[in-house]
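Spelled out, the chains give:
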Amino acid sequence: MIGVVGAGAWGTALANAAALAGNDVVLWMRSSEQAERLAATRENERFLPGIRLHDHIEPTIDLSDLAKADFVLLVTPAQTTRDMAAALAAVLPPKTPLVLCAKGIERQTGSFLCDVVETVRPASPAAILSGPSFAHDVARGLPTAVTLACGDPALAEDIATALSGPTLRVYHRTDVRGVEIGGAAKNVLAIACGAVVGRGLGESAKAALIARGFAELLRFARAYGGEAETLMGLSGLGDLVLTCSSAQSRNFAFGLRLGQGLSPEEAAGGKLVEGATTASALVALARAEHVDMPIAQAVEQVLSGAFSIDQAVDALMNRPIKSEH
């Protein structure tokens, strides 16, 4: 049995994919009213309207129902990771693997999410799932490939095999740091890409930003122990290209509205934008290791109100000329 914590679009989609792969799934959600409705209608009307919940998924509001899971997918926002991991530590056996499915950096401490989990559950294995994937595509059974990273190679293979089904292919690696950096940093870069499109700066500027943004991502990953090969794969380049190319991405859409002149609050529209909550932590970590990340820094300056979009573009275009690397 597989446990899934979080019944938003991504959590529900992963639950469907896990069930389609032949697993029984327990899907935890906060609201008893929503859980009852989901059990009755078999449809997450708020997040995935029109998509039927697989018959092998059981909604619950009781975390203890996950105690017998072979592993648990934690699919809640990045900034809730510490609290949710602590809550799960009270009900899960110590050896139950926890697979992180959020993409971010803890804002308060500047910690990577797997480090947060290992602090809360030091004796428990942690893994991370990331890659180019939209919830609606996965929930609808469209072909998707992602990466699962865990320090234990055998466990990484076991979890990847359990999650892989007819429409979801899960590759596995041991480079946890590289996979989580790819997922967290690309959200910030996607905001920049959306702003370029929203400001009407053209396809050439968009392509240049993706390429230079990827160079930033590589530099940051190397500084923090990620492997370049990981960043060249699904959880790095693949996720960056997807997120920077479609308004289905909440981060890209947020940047698009910024480029059109909306304030950060207006652009968010009351929705969580992981890249916006990650930007300041990412830039702080880059500065700590003297990593040059001008695009990420420009995003942070726009979000803080220090720069307008036009000022950020001018600052990037007037940086000293140097060789490409």
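Model, not experiment: these values are computed from the prediction.

Engineer: Can you help me understand the overall build of the protein chain in this one?
Structural biologist: The helix and strand inventory of the protein chain stands at 15 helices and eight strands. For 325 residues, the compact-globule estimate of 2.2 N^0.38 gives 20 Å, and the protein chain sits close to it at 19 Å. The principal-axis extents of the C-alpha atoms in the protein chain amount to approximately 55 × 40 × 35 Å. Here the protein chain holds 325 residues, and the buried ones make up 52% of them.

Engineer: Sorry, what's going on with the packing of helix H7 (residues 176–198) against helix H10 (residues 234–243) here?
Structural biologist: Angle between the axes and distance between the axes: these two values describe a pair of packed helices. The geometry of H7 relative to H10 is characterised by a closest axis approach of 9 Å and an angle of 25° between their N-to-C directions. On the basis of the axis angle, H7 is roughly parallel to H10. Every pair of crossing elements has a handedness; the one defined by H7 and H10 is right-handed. Residues Val-179, Gly-182, Gly-183, Lys-186, Asn-187, Leu-189 and Ala-190 of H7 touch H10, and the partners they reach there are Ser-235, Gly-236, Asp-239, Leu-240 and Thr-243.

Engineer: Is there a simple way to explain the UniProt feature "domain: Glycerol-3-phosphate dehydrogenase NAD-dependent N-terminal" (unreviewed entry) in the protein chain in this structure?
Structural biologist: Residues given the UniProt feature "domain: Glycerol-3-phosphate dehydrogenase NAD-dependent N-terminal" (unreviewed entry) here are residues 2–155. Taken as a whole, residues 2–155 contains 31% helix and 20% strand, while its terminal C-alpha atoms sit 14 Å from one another.

Engineer: For this particular structure, what's the right way to read the layout of surface pockets?
Structural biologist: Over the atoms a probe the size of a water molecule is rolled, and this reveals where empty space is left. Volume-wise, the largest pocket comes out at about 1,600 Å³. Gly-8, Ala-9, Trp-10, Phe-47 and Arg-250 are, among the 49 residues lining the largest pocket, the residues nearest its centre. With five residues, helix H2 (residues 32–41) is the largest single contributor of residues to the lining of the largest pocket. Split by residue class, the lining of the largest pocket holds 19 nonpolar, 17 polar and 13 charged. Each of two domains, domain 1 (2–174) and domain 2 (185–318), supplies a minimum of three residues to the lining of the largest pocket. A volume near 750 Å³ is recorded for the second largest pocket. Every residue lining the second largest pocket is counted, 29 residues in all, and those nearest its centre are Arg-212, Ile-295, Leu-316, Met-317 and Arg-319. Of all the secondary-structure elements, those providing two or more residues to the lining of the second largest pocket are H7, helix H8 (203–223), helix H14 (294–304) and helix H15 (309–317). Per-element tally for the lining of the second largest pocket: the top contributor is H8, with six residues. For the lining of the second largest pocket, the residue count by class is 21 nonpolar, one polar and seven charged.

About the criteria used
- Residues numbered from 1 in each chain as written.
- Predicted model: local features only at pLDDT ≥ 70, side-chain atom pairs only at ≥ 80, totals over all residues.
- Heavy atoms only, no water.
- Helix = DSSP H or I, 4+ residues; strand = E, 2+ residues; numbered from the N terminus.
- Rg over C-alpha atoms; globule rule 2.2 N^0.38 Å.
- Buried < 20%, exposed > 50% of the residue type's maximum accessible area, 1.4 Å probe, protein only.
- Axes fitted to C-alpha atoms, helices over the stretch in contact; angles between N-to-C directions.
- Parallel < 35°, antiparallel > 145°, perpendicular 65-115°, else oblique.
- Left-handed = near helix turned anticlockwise from the far one by under 90°.
- Contact = heavy atoms within 4.5 Å.
- UniProt positions renumbered as here; feature names shortened; annotations may be inferred.
- 1 Å grid on protein atoms, 1.4 Å probe; cavity = no way out; pocket = protein on both sides within 12 Å on 5 of 7 lines; lining within 4 Å.
- Points joined across faces, edges and corners; volume = space filled by probe spheres on them.
- Nonpolar A, V, L, I, M, F, W, Y, C, P; charged D, E, K, R; others polar.
- Domains from an automatic or database assignment.

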